[in-house]
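# Residue-level structure breakdown
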Amino acid sequence: QVWVYGNSFENYPVVICTPDVEVMKQWAQQNGKAGTMADWVNDPEVKKMIFADIIASGKAAKLRSFELPKKIAFETTINEFGQGFTIDQDLLTPTLKLRRPQLLKK
């Protein structure tokens, strides 16, 4: 799950994402890293890898430079379905739309 947030009072958008659990486990195993999702996403290598992927996707979609995020943050509270933003956390509506005010508080 990815949420890109832009605020007119800031110079750039930021991205909040929920990394794929299976991909992160595979990365940790290949790189000999132990720990939890929270530990892995604090690794500068992981941030760089995921951020580069997001930027590449943005460039492929022909976004302009000011539309591309400049910072990244991670949601590490993930349920058994691999979702970081859930209805139970009151971050999604029953129709699966993001609740922006609740996400901003988090």
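Residues numbered from 1 in each chain as written. Predicted model: local features only at pLDDT ≥ 70, side-chain atom pairs only at ≥ 80, totals over all residues. Heavy atoms only, no water.

So, on to the packing of aromatic side chains. Enumeration over the complete set of coordinates arrives at one aromatic pair. Both rings, one in Trp3 and one in Tyr5, keep their centres 5.3 Å apart while their planes meet at 40 degrees; by these two values the pair is tilted. Classification of Trp3 by relative accessible area gives buried; the value is 7%. Exposure remark for Tyr5: the relative accessible area of 23% places this residue in the partly exposed category. (Phe/Tyr/Trp six-rings, centres within 6.5 Å; stacked < 30°, edge-to-face > 60°. Buried < 20%, exposed > 50% of the residue type's maximum accessible area, 1.4 Å probe, protein only.)

The next point concerns the pattern of salt bridges. In total, this model carries three salt bridges according to the counting rule given. A salt bridge links Arg64 to Glu67; the nearest nitrogen and oxygen atoms lie 4.0 Å apart. Among the residues examined, Arg64 registers a relative accessible area of 51% and is labelled exposed. A residue is classified by how much of its surface remains accessible, and Glu67, at 30% relative accessible area, is partly exposed. Among the salt bridges present, the one from Asp90 reaches Arg99, with a minimum N-O distance of 3.3 Å. Judged by its relative accessible area of 26%, Arg99 falls in the partly exposed class. (Salt bridge = Lys/Arg side-chain N within 4 Å of Asp/Glu carboxyl O.)

Shape is all these values report; function is a separate question.
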